[in-house]
Amino acid sequence: MEEKKQQPFFEKVTKLKIGFIPLPIYLILVVVYLLLTVNKIMPNDMMGAIGVMTLLSFILEEVGKHIPILNSLGGKVLVVTFLPSFLVYKSWLPESSVETVTAFMKNNNFLSFFIALLIVGSICSMNRKTLLKASSRIILILIICDIVGALVGTGVGMLLGLSAFEAFFFVVAPIMAGGVGEGALPLSIGYAGLIATQQADIFASILPCVMLGSLVAVIFAGLLKKLGEKRPELTGNGQLIDGDDEHLDNLKGGKVDVDIEKMLVTGVLAITLYLLGVWVNHVIHLPAPIVLLVAVMGAKMLGWIPKDIENGGHSLYSLTVKGITPPLLFGVGVAMTPWGSLVKVFTHVPMLITIFATVLSIVLTAYFVGKALGMYPVDTAIAVSCCSGQGGTGALAILAAGDRMELMPFAQVSVRLGGAMMVTAAIFLMSLFV
């Protein structure tokens with residue numbers, strides 16, 4: 001009889017989840033984490049890092065979901081990404097956890113692995129005709145957004161007392177340069193070759209703008225998501241253009257049987273294409289993610305992706321988004337988001353307002369131009385706003401805040417192509433003025 005009385009309670013407890021993890025398993029993970037941390041024996045390897053990231057990311061995500069107002073601004077992403085950055089800054093996270101997660105994120109290129117799986121999974125399962133239509137339009141919108149963002153951002157900066165030179169080259173251009181490694185870094189190297197300033201000093205001065213631009217874009221993505229919920233006609237819920245006859249089930253809600261073998265094959269395809277990109281980068285210095293993106297998009301447009309891999313891509317995408325995104329965001333916050341850099345900009349009001357105006361102009365331009373071109377404006381604005389993010393890291397946070405992870409291929413076009421265009425233009429223009 002006792003067993004029968006206890007069973008309903010046990011069933012209730014097992015139905016409670018932190019993220020997708022049943023509460024009893026999560027509590028065991030908590031106990032094990034505390035034992036390892038207190039005894040200072042946290043393993044500094046992949047298993048230790050994934051354990052820490054899983055434990056802390058999913059509970060922070062739950063917190064972010066339930067904070068009033070903030071939950072409408074991409075709260076779960078803001079909490080999972082930026083709170084760990086603050087905790088590291090204040091030394092409030094156990095040192096062993098920080099060391100384990102940082103070593104894993106910096107030494108294993110986990111972000112590139114995630115993006116490779118996400119791009120291949122989403123493109124393989126995407127509507128081919130929609131991909132063809134959307135790609136050309138997104139590039140046009142991106143060019144217009146770069147021009148409008150540069151003009152508005154520079155203009156606002158000048159109104160607030162910044163010189164046109166400072167506003168454009170040291171605030172606006174870094175925001176749209178495509179992140180840190182492929183944006184702010186080459187930009188600072190190019191600037192240093194033209195003006196009598198150390199590259200390290202230039203990099204330190206433009207990095208906060210990149211970080212804060214990404215944060216503002218995350219907030220706008222959350223607002224756009226909310227707009228899409230209130231006005232369903234403005235959003236394709238992850239599609240840029242209405243699908244055609246060959247439309248696969250929606251990546252978020254489609255009921256497709258999971259085939260492990262097909263999913264694994266698609267995963268191997270993603271790794272293969274990324275490694276091909278590494279080789280191409282060695283030969284012609286084209287970044288590996290761009291090679292992967294062009295290769296899989298080209299194959300999809302030409303109809304070379306077999307049906308089995310399309311279905312495998314759907315499963316791979318779902319696994320990546322549900323299981324990897326929160327831990328990865330936490331890792332990004334701990335290892336790749338220096339809180340000190342963000343704080344610097346908050347104390348410089350003209351720069352702060354210029355950054356806000358630049359990102360806002362990009363979002364509004366993408367929204368209205370996308371709408372004029374027959375695209376879903378909410379999804380278009382979220383995808384294109386990634387050009388003002390912190391590279392792949394920013395795109396991940398922006399799309400997660402907007403709940404539009406299936407737009408990662410278009411976000412990568414915005415980041416990589418938009419960033420390359422802005423870096424080239426900024427260095428060329430500076431050469432004319434110095």
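Below, the structure is looked at part by part. Model, not experiment: these values are computed from the prediction. (Residues numbered from 1 in each chain as written. Predicted model: local features only at pLDDT ≥ 70, side-chain atom pairs only at ≥ 80, totals over all residues. Heavy atoms only, no water.)

Before going further, it helps to spend a moment on the nonpolar core. Within the largest apolar cluster, 129 residues are counted, with the highest numbers of intra-cluster contacts made by Met 105, Phe 114, Tyr 191, Phe 330, Ile 355, Met 408 and Phe 410. Per element, the largest residue contribution to this core is 14 residues, and it comes from helix H10 (residues 199–230). Non-local contacts of Met 105, meaning those with residues more than four positions away in its chain, are made with Met 53, Phe 110, Leu 328, Gly 331, Val 332, Ala 335 and Met 336. (Core = buried A, V, L, I, M, F, W, Y, C linked by side-chain atoms within 4.5 Å. Buried < 20%, exposed > 50% of the residue type's maximum accessible area, 1.4 Å probe, protein only. Helix = DSSP H or I, 4+ residues; strand = E, 2+ residues; numbered from the N terminus. Contact = heavy atoms within 4.5 Å.)

Our focus in this paragraph is the pattern of salt bridges. Counted according to the given criterion, the structure contains eight salt bridges. Two residues, Lys 65 and Glu 62, come together in a salt bridge whose shortest N-O distance is 3.6 Å. Remark: Glu 62 and Lys 65 occur in helix H3 (residues 46–65); sequence separation between them is three residues, near one turn of the helix. By relative accessible area, which is 18% here, Glu 62 ends up buried. Each of Lys 225, Lys 226 and Glu 229 takes part in a single network of salt bridges with overlapping partners. (Salt bridge = Lys/Arg side-chain N within 4 Å of Asp/Glu carboxyl O.)

Another point: the packing of helix H7 (residues 128–159) against helix H12 (residues 288–301). Relative to each other, H7 and H12 sit at 125 degrees, their axes nearing to 9 Å. Here H12 runs oblique to H7, going by the angle between their axes. For the pair H7 and H12, the crossing hand works out as left-handed. Residues Arg 128, Leu 131, Leu 132 and Ser 135 of H7 pack against Met 297, Lys 300 and Met 301 of H12. Of the residues that constitute the contact of H7 with H12, the class distribution is four nonpolar, one polar and two charged. (Axes fitted to C-alpha atoms, helices over the stretch in contact; angles between N-to-C directions. Parallel < 35°, antiparallel > 145°, perpendicular 65-115°, else oblique. Left-handed = near helix turned anticlockwise from the far one by under 90°. Nonpolar A, V, L, I, M, F, W, Y, C, P; charged D, E, K, R; others polar.)

Attention shifts here to the packing of aromatic side chains. Across all of its chains, the model carries twelve aromatic pairs by this definition. Ring pairs connect the aromatic residues Phe 165, Phe 168, Phe 169, Phe 170 and Tyr 191, which therefore count as one cluster. (Phe/Tyr/Trp six-rings, centres within 6.5 Å; stacked < 30°, edge-to-face > 60°.)

Moving on to the side chain of Thr 54. Assignment of secondary structure puts Thr 54 in helix H3. In terms of polar contacts, Thr 54 uses its side chain to reach the backbone carbonyl oxygen of Ile 50, at 2.7 Å. Apart from the residues within four sequence positions on either side, Thr 54 is in contact with Ile 21, Leu 29 and Pro 327. (Polar contact = N/O pair within 3.5 Å; in protein donor to acceptor, adjacent residues only side chain to side chain.)

For any two helices packed against each other, the geometry comes down to the angle between their axes and how far apart the axes lie. Running from N to C, helix H17 (residues 391–401) and helix H18 (residues 408–433) point in directions that differ by 140 degrees, and their axes come no closer than 10 Å. What the angle tells us is that H17 and H18 run oblique. Like other packed secondary-structure pairs, H17 and H18 cross with a definite hand, here right-handed. In contact with Gly 391, Gly 392, Ala 395, Leu 396 and Leu 399 of H17, H18 contributes Met 408, Ala 411, Gln 412 and Val 415. When grouped by side-chain class, the residues that make up the contact of H17 with H18 number six nonpolar, three polar and no charged.

Take Ala 395: it is sitting in helix H17. On the basis of relative accessibility, which here comes to 0%, the residue Ala 395 falls in the buried class. Every residue in contact with Ala 395, bar those within four places of it in the chain, is listed here: Cys 386, Met 408, Ala 411, Gln 412 and Val 415.

We now examine H12. Given 3.6 residues to a turn, an α-helix orients residues that are three or four positions apart in the same direction. Taking 1.5 Å per residue, 14 residues should reach 20 Å; H12 reaches 20 Å between its end C-alpha atoms and fits that length. Listing the buried residues of H12 in full gives Ala 288, Pro 289, Ile 290, Val 291, Leu 292, Leu 293, Val 296, Met 297, Ala 299 and Lys 300. Looking at the buried positions of H12, the neighbouring elements they touch are helix H6 (110–124), H7, helix H11 (260–284), helix H13 (307–335) and H18. Directly beyond the C-terminal end of H12, a positive phi value near 75 degrees is found at Gly 303. (Expected span 1.5 Å × (residues − 1).)

One can find Gly 303 in the loop between H12 and H13. Judged by relative accessible area, which is 48%, Gly 303 ranks as partly exposed. Spatially, the C-alpha atom of Gly 303 lies 9.9 Å from that of Lys 129, the residues being 174 residues apart in sequence.

With respect to the helices and strands, Gln 412 occurs in helix H18. With relative accessibility at 0%, the residue Gln 412 sits in the buried group.

As a further point, take a nonpolar patch on the surface. Taken together, the side chains of Phe 165, Leu 194, Phe 428, Leu 429, Leu 432, Phe 433 and Val 434 define a hydrophobic patch exposed on the protein surface, amounting to about 660 Å² of accessible area. Here the nonpolar patch gets four residues from one element, more than from any other, and that element is H18. (Patch = residues over 30% accessible without salt bridge, like charges linked within 9 Å, V, L, I, M, F, W, Y side chains within 5 Å. Areas by Shrake-Rupley, 256 points an atom, 1.4 Å probe, with all protein chains shown as cover.)

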